Amino acid sequence: MATANSSNILASTFYLTGIPGYEEFHHWISIPFCLLYLVGIMGNCTILHIVRTDPRLHEPMYYFLAMLSLTDMGMSLPTMISLFRVLWSISREIQFNTCVVQMFFIHTFSFTESSVLLAMALDRYVAICHPLRYATILTPTLITKIGIAALLRSALPVIPNVARLAFFPFCHSHILSHSYCLHQDIIRLACADTKFNVIYGMVMITLLWGMDSLGIFVSYVFILHSVLKISSQEGRFKALNTCASHICAVLILYVPMIGLSIVHRFAKHSSPLIHIFMAHIYLLVPPVLNPIIYSVRTKQIRQGILHLLFPLKLSSSLM
């Protein structure tokens, strides 16, 4: 009985991987990771605080920006504890249930961020193509419904793939390729027929990301069509400038996401460092860069940050 219990425990335990070949430098490698996480958390929390406290930012564009910050944090925070446990040599072990929960949140918030970017594209479309109806179309009630729909649309399709993992035996290696759990990583360790998970996962990615990217593309086609009708060059530039931050956010999410998918599907025998590098870019770059881009390019956010940092100086200058 003791032997059976021991084997069950081992069967439900997986082992995370840090940076292969650089184990002796893990403590030093953890420093830039720690700084990136701190920048991402502080940047997104700052944007959430400014949007919540500044009445001038209670507009659809900034509500969607707050959603983007929440999804950025939801995508990166589940990986933080397990990553530092590996890099600080605390433990490489992760229980199967914890692994499943972690991958559920990573994939859910990844799809949610894509949906939020689609909503932000529609926001820009309404603002540029139908400016007089902007406030009446994008009401707070509709924005709330869009946020809930984006989360449910992302979470529900993930459940079947994640739930099926509980019925798979893992009789071979239990060593994962990353310092956190991804579905495409753990599925290769299963000793069972995983065709459904592989095909379902590819269909889900194609449909969700495909629909979102198509929606973003169509929105910008209409935006460009409307902008080209503006007579003055300054007016065209001003209209397009309001979309620059969103375009950067789209590229920051989709380029690493596509790169990671390609590496997992078609470069399985490439260097492990490539897989690890792409996986960390996929999870760390959007939460770090999005707040920086929106802080630099959006005047209202920039003013809110300055007011947060130097409230007395700004108050005295306005008097």
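Look above for the structure.
Please read these numbers as outputs of a predicted model, since none were measured by experiment.

Caption draft 1: Examining the environment of F277 more closely. As for its placement among the helices and strands, F277 is situated in helix 11 (residues 272-297). Here the alpha-carbon distance between F277 and V39, two residues 238 residues apart in the chain, equals 19 Å.

Caption draft 2: Representation of empty space enclosed by the protein within the structure. Going through the model one piece at a time under the given rule, you end up with three cavities of 30 Å³ or more. Of the voids in this model, the second largest cavity is the one considered here, and its volume is about 70 Å³. Considering the residues around the second largest cavity, the lining is formed by M61, F64, M120, D123, R124, T242, S245, H246 and Y294. Elements with a contribution of two residues or more to the lining of the second largest cavity: helix 3 (60-87), helix 4 (96-129) and helix 10 (244-266). Per-element tally for the lining of the second largest cavity: the top contributor is helix 4, with three residues. Here the lining of the second largest cavity is composed, by residue class, of four nonpolar, three polar and two charged.

Caption draft 3: View of the state of the cysteines. Using the criterion set out here, one finds one disulfide in the structure. Residue C99 pairs covalently with C181 via a disulfide, S to S 1.9 Å. Judged by the sign of its S-S torsion, about -120 degrees, the bond between C99 and C181 is left-handed. With C99 in helix 4 and C181 in the loop between helix 6 (140-164) and helix 7 (183-186), this residue pair connects regions lying 82 residues apart in the sequence. Residues C99 and C181 agree in their burial class; the two are buried.

Caption draft 4: Representation of the pattern of salt bridges within the structure. For the structure on display, the rule yields four salt bridges. Put simply, D54 and R56 hold a salt bridge, and the shortest N to O gap is 2.9 Å. The partner of D123 in a salt bridge is R124, with the nearest N and O atoms 2.9 Å apart. D123 sits in the buried class, given a relative accessible area of 2%.

Each value, and the rule that gives it
The numbering scheme is per chain: residues are counted from 1 as the chain's sequence reads. At least 70 in pLDDT is required for a residue's local features to be given in this predicted model, at least 80 for side-chain atom pairs to be given and counted, and no such filter applies to totals for whole chains, interfaces and linings, which use all residues. Where side-chain values are given, they derive from all heavy atoms of the structure, hydrogens and water being excluded. Secondary structure counts use DSSP, requiring at least four H or I residues in a row for a helix and at least two E residues in a row for a strand, with both numbered from the N terminus. Cavity means a closed set of points on a 1 Å grid over the protein atoms alone, one where a 1.4 Å probe fits but cannot get out, pocket means an open set with protein on both sides within 12 Å along at least 5 of 7 lines, and lining means a residue has an atom within 4 Å of a point. Grid points are joined across faces, edges and corners, and a volume is the space filled by probe spheres set on the points. Throughout, the ten residues Ala, Val, Leu, Ile, Met, Phe, Trp, Tyr, Cys and Pro are labelled nonpolar, Asp, Glu, Lys and Arg are labelled charged, and all others, Gly among them, are labelled polar. Working definition: a disulfide is two cysteine sulfur atoms within 2.5 Å of each other. Three exposure classes are used, based on accessible area relative to the maximum for each residue type with a 1.4 Å probe and protein chains only: buried under 20%, partly exposed in between, and exposed over 50%. Definition used for salt bridges: Asp or Glu carboxyl oxygen within 4 Å of a side-chain nitrogen of Lys or Arg.

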